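Commentary on secondary and tertiary structure
What follows is the residue order along each chain.
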Amino acid sequence: MNISIITVGKLKEKYLKEAVSEYSKRLSKYCKLEIIEVPDEKAPETMSRAEEEAVKQKEGQAVLKHVKNDTYVVALAIDGKMLSSEGFSEFINSLGIRGKSNIAFIIGGSLGLSDEVLRRADYKLSFSPMTFPHQLMRVILLEQIYRGFKIMRGEVYHK
């Protein structure tokens with residue numbers, strides 16, 4: 001299985017980079033993982049709705065350049081479906097069974113995802129109705145993908 005994480009913005013904090021590195025290493029025995037970072041656009045604190053949409057659209061276009069036609073796209077969105085860890089594991093497993101071997105998880109920038117990205121998504125996934133920093137979300141997503149593979153294979157992993 002080929003899993004891509006396409007994310008807006010770079011990681012700056014050392015501790016987050018180390019966590020991403022650790023989970024990437026752990027996942028290497030279960031899948032081929034690629035993390036793609038696209039630049040985030042300058043977004044001042046005070047912006048009009050039109051300016052926010054323009055930023056999201058530009059970031060969205062950069063994200064979609066990395067999505068191939070045969071890729072199953074999972075957009076992380078607050079209004080998406082919430083799954084338990086077991087449910088998420090079943091979701092990943094079912095994609096593999098259905099022959100969807102190229103999966104891209106998309107994490108938006110500070111303003112979220114563009115409508116264009118959300119329309120391209122095959123599935124919208126929510127981890128919580130709360131808002132998380134997109135840098136931290138990368139670590140949470142990687143941990144849950146790792147946990148999902150462990151559950152799928154019946155391997156022991158802390159609860």
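First, a word on scope: everything that follows refers to the structure included in this document. (Residues numbered from 1 in each chain as written. Predicted model: local features only at pLDDT ≥ 70, side-chain atom pairs only at ≥ 80, totals over all residues. Heavy atoms only, no water.)

Secondary-structure assignment places S126 in strand β5 (residues 123-126). In this structure the side chain of S126 is engaged in a polar contact, spanning 3.1 Å, whose partner is the backbone oxygen of S128. If we ignore the near neighbours within four places in the chain, the residues touching S126 are A77, I78, G80, K81, M82 and L83. (Helix = DSSP H or I, 4+ residues; strand = E, 2+ residues; numbered from the N terminus. Polar contact = N/O pair within 3.5 Å; in protein donor to acceptor, adjacent residues only side chain to side chain. Contact = heavy atoms within 4.5 Å.)

Across the interface, helix α1 (residues 14-27) lies against helix α5 (residues 134-152) with an axial gap of 9 Å and an inter-helix angle of 20 degrees. It follows from the interaxial angle that α1 and α5 lie roughly parallel. In this structure, the crossing between α1 and α5 has a hand that is left-handed. In contact with L16, A19, V20, Y23, S24, R26 and L27 of α1, α5 contributes Q135, L136, R138, V139, L142, E143, I145, Y146 and F149. (Axes fitted to C-alpha atoms, helices over the stretch in contact; angles between N-to-C directions. Parallel < 35°, antiparallel > 145°, perpendicular 65-115°, else oblique. Left-handed = near helix turned anticlockwise from the far one by under 90°.)

Strand order in this open sheet of 5 strands is β2-β1-β4-β3-β5, and the pairing throughout is parallel. This sheet does not close on itself; its edge strands, each paired only once, are β2 (32-38) and β5. Sheet twist, expressed as the average angle between the axes of neighbouring strands with direction ignored, equals 30 degrees. Alignment of strand β1 (residues 2-8) against β2, held across 7 bridges, turns out to be parallel. Bridged to I3 within β2 is L33. Seen against the sheet, α5 touches β1, β2, β3 (72-82) and β4 (102-107) and runs at an angle of roughly 165 degrees to β1. (Pairing = 2+ DSSP bridges.)

This part is about the pattern of salt bridges. Considering all chains together, one arrives at 12 salt bridges under this definition. The residue E22 makes a salt bridge to K25 at a minimum N-O spacing of 3.5 Å. With a gap of 3 residues between them, E22 and K25 both fall in helix α1, about one helical turn apart. Residues E155 and K150 are paired through a salt bridge, measuring 3.2 Å at the closest nitrogen-oxygen approach. Look at E155 and you get partly exposed, because its relative accessible area is 29%. Accessibility expressed as a relative area gives 10% for K150, which makes it buried. Through salt bridges with shared partners, a single ionic network connects K10, E37 and R138. (Salt bridge = Lys/Arg side-chain N within 4 Å of Asp/Glu carboxyl O. Buried < 20%, exposed > 50% of the residue type's maximum accessible area, 1.4 Å probe, protein only.)

The subject of this paragraph is the nonpolar core. Residues V74, F88, F91, F105, L141, I145 and F149 are the most contacted members of the largest nonpolar core, which totals 29 residues. For this core, the secondary-structure elements that each account for two or more residues are β1, α1, β3, α3 (85-97), β4, β5 and α5. Looking at this core element by element, the count peaks at 7 residues for α5. Apart from the residues within four sequence positions on either side, F88 is in contact with L83, F105, L125, L141, Q144 and I145. In this structure, I6, V67, A104 and L113 belong to the second largest nonpolar core, which totals 15 residues. (Core = buried A, V, L, I, M, F, W, Y, C linked by side-chain atoms within 4.5 Å.)

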